Amino acid sequence: MGGAIEPILTVIQVLPALEGGGVERGTLEVAAALAQRGHRSLVVSAGGRHVARLEAAGSRHITWPIGAKSPLTVRWVMHLRRLLREEKATILHARSRLPAWVAWLAWRGLPPDRRPRFLTTVHGLYSVNPYSAVMTRGERIIAVSEAARDYILANYPGVEPERVAVIHRGVDTAVYSTGYHPDATWLANWYRQYPETRGKFLVTLPGRL
């Protein structure tokens, strides 16, 4: 007997733009993985330098400035609600606060039996206030670390622990290789800029400040 046929999902991710950063990288990686598995992947953002990469990997990009800090951004609620209906979205995934407000308002305005699943990803330790609380309104909340999960549960006591799933951010070992050694030119430039590091043991910790 053959295995069960995996249903085709239509996943819409929303974020401010596709420039650089951890949110953008995570969006690209999830979009590529969905497309590789035959699912429909759509991303809504104001655009940016990674749109071509997104589309080359099999996703569709919709250019809407849903992360613009302006009262006019609310107009995208109706547009997104219409998109959810037309595309018969299975999952709506919000990755940033202002797009999450647009997404949540669009999602909430649909009849309950016509709503996609609503996910949010908490990428950092946001300021604790009603504006940031939208990131805890997902039916399921993805935290990128145990620290993020603990932060959510400590600061938003209404969030049930079972709604929060920790999915650790990975590292692309093809880009960040443990065996990497800089060449002589790079090292010479480094020591010229930071002579106090010569002969010292250095530890680098990649992360967002």
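Describing the overall build of the chain
If you tally the helices and strands in the chain, you get six helices and seven strands. Across the chain, helices and strands are ordered from the amino to the carboxyl terminus as β-α-β-α-β-α-β-α-β-β-α-β-α. Overall, the C-alpha framework of the chain stretches about 65 × 45 × 45 Å when taken along its three principal axes. Counting over 209 residues, the chain shows a buried share of 40%. For the chain, long-range pairs separated by at least 24 residues make up 58% of all intrachain contacts whose partners lie at least 6 apart in sequence. Looking at the chain as shown, the accessible area adds up to about 12700 Å², and 58% of this sits on carbon and sulfur atoms.

A short note on empty space enclosed by the protein
Applying the stated criterion across every chain yields a total of one cavity of 30 Å³ or more. Roughly 60 Å³ of volume is contained in the largest cavity. Considered class by class, the residues forming the lining of the largest cavity number six nonpolar, four polar and no charged.

Looking at the pattern of salt bridges
Applying the stated rule across the entire model yields five salt bridges. Close ionic contact of E87 with R40 constitutes a salt bridge, the shortest N to O distance being 2.4 Å. Of this pair, E87 sits in helix 3 (residues 76-87) while R40 is found in strand 2 (residues 40-45), placing the two residues 47 residues apart along the sequence. For E87, a relative accessible area of 14% corresponds to the buried category. Residue classification places R40 among the partly exposed positions, given a relative accessible area of 33%.

Details of the pairing of strand 6 (residues 140-143)
Taken together, the four bridges between strand 5 (residues 117-122) and strand 6 define a ladder with parallel strand orientation. Its bridge partner being in strand 6, T121 is matched across the sheet by I142. The pairing of strand 6 with strand 7 (residues 164-166) spans three bridges and is parallel. Note on strand 7: the bridge partner recorded for I141 is V164. Taking the sense of rotation as the criterion, the β-α-β connection linking strand 6, helix 5 (residues 146-155) and strand 7 turns out right-handed.

Notes on the packing of aromatic side chains
To describe a pair of aromatic rings, one takes the distance between the centres and the angle between the planes. Tallied over the entire structure, the rule returns five aromatic pairs. Seen from their ring centres, W64 and W76 are 5.2 Å apart, and the 20° between their planes marks the pair as stacked. In this pair, W64 sits in the loop between strand 3 (60-63) and helix 3 while W76 sits in helix 3, placing the two residues twelve residues apart along the sequence. We note that W64, like W76, is buried. Each residue in the set W186, W190 and Y194 is aromatic and connected to the rest through ring pairs, giving one cluster. R115 extends its terminal NZ or CZ atom over the ring of W107, reaching a point 4.7 Å from the ring centre. Over the ring of Y191 we find R198; its NZ or CZ atom is 4.3 Å from the centre of that ring.

Some points on the pairing of strand 2
The element strand 2 is largely enclosed, with a buried count of five among its six residues. Across five bridges, strand 1 (residues 10-14) lies against strand 2 in parallel orientation. Bridge pairing in strand 2 links V11 to S41. Considered for its hand, the β-α-β crossover made up of strand 1, helix 1 (residues 22-36) and strand 2 is right-handed.

Reading the values: the criteria
- Residues numbered from 1 in each chain as written.
- Predicted model: local features only at pLDDT ≥ 70, side-chain atom pairs only at ≥ 80, totals over all residues.
- Heavy atoms only, no water.
- Helix = DSSP H or I, 4+ residues; strand = E, 2+ residues; numbered from the N terminus.
- Buried < 20%, exposed > 50% of the residue type's maximum accessible area, 1.4 Å probe, protein only.
- Contact = heavy atoms within 4.5 Å.
- Areas by Shrake-Rupley, 256 points an atom, 1.4 Å probe, with all protein chains shown as cover.
- 1 Å grid on protein atoms, 1.4 Å probe; cavity = no way out; pocket = protein on both sides within 12 Å on 5 of 7 lines; lining within 4 Å.
- Points joined across faces, edges and corners; volume = space filled by probe spheres on them.
- Nonpolar A, V, L, I, M, F, W, Y, C, P; charged D, E, K, R; others polar.
- Salt bridge = Lys/Arg side-chain N within 4 Å of Asp/Glu carboxyl O.
- Pairing = 2+ DSSP bridges.
- Right-handed = clockwise from strand over helix to strand, strands pointing away.
- Phe/Tyr/Trp six-rings, centres within 6.5 Å; stacked < 30°, edge-to-face > 60°.
- Lys NZ or Arg CZ within 6 Å of the ring centre and 35° of its normal.

The analysis is restricted to geometry; functional conclusions fall outside its scope.
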